[in-house]
Amino acid sequence: MPSLQESKLAFIGGGNMASAIIGGLVSTGVDKQNIYVSEPWDVNREKLAAVGVRTTTVNTEAGADADIVIIAVKPQVTKSVCEELGASWSQRQTLPVVVSIAAGITLNSLQEWSRTSDGRTAHVVRVMPNTPALVGEGASGAFASADVTAAEKELVNSLLSSVSKATEWVDKEELLDVVTGLSGSGPAYFFAMVEHLISSATALGLSQEQATRLATQTCLGAGKMLVDSSDEPGQLRKNVTSPNGTTYAALQTFEALGFKETVDKAVKAATSRAAELGNTLAK
Ligand SMILES: NC(=O)C1=CN([C@@H]2O[C@H](COP(=O)(O)OP(=O)(O)OC[C@H]3O[C@@H](n4cnc5c(N)ncnc54)[C@H](OP(=O)(O)O)[C@@H]3O)[C@@H](O)[C@H]2O)C=CC1
Ligand SMILES: O=C(O)[C@@H]1CCC=N1
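It should be emphasised that the depicted structure is a prediction, and the values quoted were computed from it without experimental measurement. (Residues numbered from 1 in each chain as written. Chains lettered and ligands numbered in written order. Predicted model: local features only at pLDDT ≥ 70, side-chain atom pairs only at ≥ 80, totals over all residues. Heavy atoms only, no water.)

Asks: Looking at this structure, I do not really get the nonpolar core. What am I missing?
Replies: Across soluble globular proteins, you tend to see nonpolar side chains buried next to one another. Residues Leu 9, Phe 11, Ile 22, Leu 25, Ile 35, Val 125 and Leu 159 are the most contacted members of the largest nonpolar core, which totals 32 residues. Of all the elements in the fold, those that place two or more residues in this core are β1 (9-12), α1 (16-27), β2 (35-38), β4 (68-71), β5 (97-100), β6 (124-128), β7 (138-144) and α6 (150-161). With seven residues, the top contributor of residues to this core is α1. Discounting chain neighbours no more than four positions away, the residues touching Leu 159 are Leu 4, Leu 9, Ile 21, Leu 25, Ile 68 and Ile 70. Core analysis: the second largest hydrophobic core is formed by 28 residues, Val 73, Cys 82, Ala 122 and Met 128 among them. (Core = buried A, V, L, I, M, F, W, Y, C linked by side-chain atoms within 4.5 Å. Buried < 20%, exposed > 50% of the residue type's maximum accessible area, 1.4 Å probe, protein only. Helix = DSSP H or I, 4+ residues; strand = E, 2+ residues; numbered from the N terminus. Contact = heavy atoms within 4.5 Å.)

Asks: In this structure, what is going on with the pattern of salt bridges? I would like to understand it.
Replies: When their charged atoms lie close together, side chains carrying opposite charge are able to pair. In this structure the tally under the stated criterion is 10 salt bridges. For Asp 65, the salt bridge goes to Lys 8, with nearest N and O atoms at 3.3 Å. With Asp 65 in the loop between α3 (59-63) and β4 and Lys 8 in the segment before β1, this residue pair connects regions lying 57 residues apart in the sequence. Relative accessible area serves as the criterion here: at 37%, Lys 8 is assigned to the partly exposed category. Its salt-bridge partner being Arg 126, residue Glu 173 comes within 2.8 Å of it at the nearest N-O pair. Linking Glu 173 in the loop between β8 (164-169) and α7 (175-184) with Arg 126 in strand β6, this pair joins segments that are 47 residues apart in sequence. Here Glu 173 matches Arg 126 in class, with each residue buried. It is possible to trace a salt-bridge network through shared partners that takes in Arg 126, Glu 173 and Asp 177. (Salt bridge = Lys/Arg side-chain N within 4 Å of Asp/Glu carboxyl O.)

Asks: Mind showing me how you'd approach the side chain of Asn 130 here?
Replies: Its place among the elements puts Asn 130 in the loop between β6 and β7. By relative accessible area, Asn 130 is classed as buried at 6%. Among the polar contacts listed, one links the side chain of Asn 130 to the backbone nitrogen of Ala 139, at a separation of 2.9 Å. If near-sequence neighbours (up to four positions away) are discounted, Asn 130 is found in contact with Met 17, Gly 138, Ala 139, Ser 183, Gly 184 and Pro 187. (Polar contact = N/O pair within 3.5 Å; in protein donor to acceptor, adjacent residues only side chain to side chain.)

Asks: Would you mind showing me how to read the site of ligand 2 here?
Replies: Taken together, Ala 103, Gly 184 and Ser 185 form the complete shell of residues around ligand 2. Protein chains bury 44% of the 250 Å² of accessible surface belonging to ligand 2 in isolation. (Near = heavy atom within 4 Å. Areas by Shrake-Rupley, 256 points an atom, 1.4 Å probe, with all protein chains shown as cover.)

Asks: Whenever I open this one, the pairing of β8 confuses me. Can you help?
Replies: Consecutive side chains of a regular strand alternate in pointing toward one face of the sheet and then the other. Pairing of β7 with β8 involves five bridges; the strand directions are parallel. When the bridges of β8 are listed, Ser 140 appears paired with Thr 167. After leaving β7, the chain enters α6 and then returns to the sheet as β8, a path that is right-handed. (Pairing = 2+ DSSP bridges. Right-handed = clockwise from strand over helix to strand, strands pointing away.)

Asks: What is the right way to look at the UniProt feature "domain: Pyrroline-5-carboxylate reductase catalytic N-terminal" (unreviewed entry) in the protein in this model?
Replies: This chain's UniProt record puts "domain: Pyrroline-5-carboxylate reductase catalytic N-terminal" (unreviewed entry) on residues 8-104. Across residues 8-104 one finds 42% helix and 20% strand; the C-alpha atoms that close the span lie 26 Å apart. (UniProt positions renumbered as here; feature names shortened; annotations may be inferred.)

This is the structure:
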């Protein structure tokens, strides 16, 4: 089994998430010539070509001799892409390790769809990364099919570690849907929060530019404290909250409007949607 540096990597789909992972891999020194991306849309393909990786519009060409094939298309397109790849691998003696980042799509579907015409199935790892991979600050969950070897798992782990600061292997496949509702979709929750903070402060008189700088740096600073501090998130919150002070006034408002319930419902909605995508598209 080659190391990550020696491996040929194929990305099927070169959109937001693939670009984020590719950006992370390139910045950690993975040879651009070992990254081959298949992407139909000229705009995305040209952006990736400008990064220096190899590009094509033909999925089977990118996946022909890759050691790892990363399926990075929308869940709705995953079946046709896997079928196309599986059919093209019938002549290959050793199948690549398939890594799918498609939300909800199960290992069983991925293995069945990519079955070769002589009946072999690839070893598959389901991964749920997130877009902060682009800046080397990703968080990823992963779950491997039973036939994935320790060496293959290690290879996928090093791929994920090059773009993720937290890589969590879950012990039940369903938990990847929870990872999707937490960290896969999670960056958008923080972006939405910052958008609202900026518009609130702008409505109260700060300029857009000042509000943006203050809100984004507050988000970064709070995130860094969460990662670096030995205190629990609840303690960090208490440290900011003076008795009957300004933070208390804001947090009371959040609670009165059902903040915890809202977050619970939102994470459950994303988790359920991942499971629903997997079930619906499996048919
Ligand atoms: N965005 C995120 O934060 C995260 C996304 N994911 C998962 O990653 C996957 C990709 O999402 P994302 O990057 O956001 O989506 P994008 O739409 O940005 O990227 C998908 C890309 O695949 C291309 N594509 C469409 N059909 C094919 C095909 N048949 N063969 C090859 N490429 C094709 C699309 O081109 P075109 O635009 O022309 O259709 C598009 O550029 C999804 O399954 C999603 O669930 C996982 C974690 C986080
Ligand atoms: O919204 C989505 O479906 C994808 C999966 C996780 C983040 N983006």
